Amino acid sequence: MGQITLHVNNRPYTLACRDGEEAQLVYLAAYVDDRISELVHKVGQVGEERLLLMTALLLADEMQEMQRGYGVVNADDAADKVTDAARSVEALVERLRQAS
């Protein structure tokens, strides 16, 4: 089991990860950081938790739009996937909070 320090919104977060997952986590953290930077530019520093929530909602919206683009026709299925994604983001936020 490895450990990696990611930087999001100019804050370091140390997470445990499986060996070989480091590059993907760095990529994902950079993507999230870019989205947070966009929000900070628009709304300012409104607090870490609020920025993470707003970013999670934007990412869930992106995912839902992509699902529509791939022809997901069952609204309940799409809603379940968005709910699962939101829970994953909540778990990540909690791990980040515990790491800081």
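Nothing here was measured: the structure is a model prediction, and the numbers come from that model.

**Examining the pattern of salt bridges**
Counted according to the given criterion, the structure contains four salt bridges. With a shortest N-O distance of 3.3 Å, glutamate 38 and arginine 35 are connected by a salt bridge. Of this pair, glutamate 38 and arginine 35 both sit in helix α1 (residues 22-43), three residues apart, which is roughly one turn of the helix. What makes glutamate 38 partly exposed here is its relative accessible area of 39%. When salt bridges with common partners are traced through the structure, they connect Arg35, Glu38 and Glu62 into a single cluster.

**A look at the nonpolar core**
Ranked by size, the top nonpolar core spans 14 residues in total, and within it Ile4, Leu6, Val8, Leu15, Leu25 and Ile36 carry the most contacts. Elements with a contribution of two residues or more to this core: β1 (2-8), β2 (11-17), α1, α2 (48-69) and α3 (75-99). Here this core gets four residues from one element, more than from any other, and that element is α1. Leucine 25 has contacts with Ile4, Leu6 and Cys17, leaving out every residue within four places of it along the chain.

**Quick notes on the layout of surface pockets**
Reported here for the largest pocket is a volume of approximately 700 Å³. Leu28, Val32, Leu59, Val89 and Leu92 are, among the 29 residues lining the largest pocket, the residues nearest its centre. Of all elements in the fold, only β1, β2, α1, α2 and α3 reach the threshold of two or more residues within the lining of the largest pocket. If you tally residues by element for the lining of the largest pocket, the top one is α3, at nine residues. Of the residues in the lining of the largest pocket, the class split is 23 nonpolar, three polar and three charged.

**Focus: the environment of glycine 2**
Here glycine 2 shows up in strand β1. Of the residues examined, glycine 2 reaches a relative accessible area of 14% and is grouped as buried. Along the chain, glycine 2 and glycine 20 lie 18 residues apart, while their C-alpha atoms are 8.3 Å from each other. Apart from residues no more than four positions distant in its own chain, glycine 2 is found in contact with Leu15, Ala16, Cys17, Arg18, Asp19 and Glu22.

Basis of the calculations
- Residues numbered from 1 in each chain as written.
- Predicted model: local features only at pLDDT ≥ 70, side-chain atom pairs only at ≥ 80, totals over all residues.
- Heavy atoms only, no water.
- Salt bridge = Lys/Arg side-chain N within 4 Å of Asp/Glu carboxyl O.
- Helix = DSSP H or I, 4+ residues; strand = E, 2+ residues; numbered from the N terminus.
- Buried < 20%, exposed > 50% of the residue type's maximum accessible area, 1.4 Å probe, protein only.
- Core = buried A, V, L, I, M, F, W, Y, C linked by side-chain atoms within 4.5 Å.
- Contact = heavy atoms within 4.5 Å.
- 1 Å grid on protein atoms, 1.4 Å probe; cavity = no way out; pocket = protein on both sides within 12 Å on 5 of 7 lines; lining within 4 Å.
- Points joined across faces, edges and corners; volume = space filled by probe spheres on them.
- Nonpolar A, V, L, I, M, F, W, Y, C, P; charged D, E, K, R; others polar.

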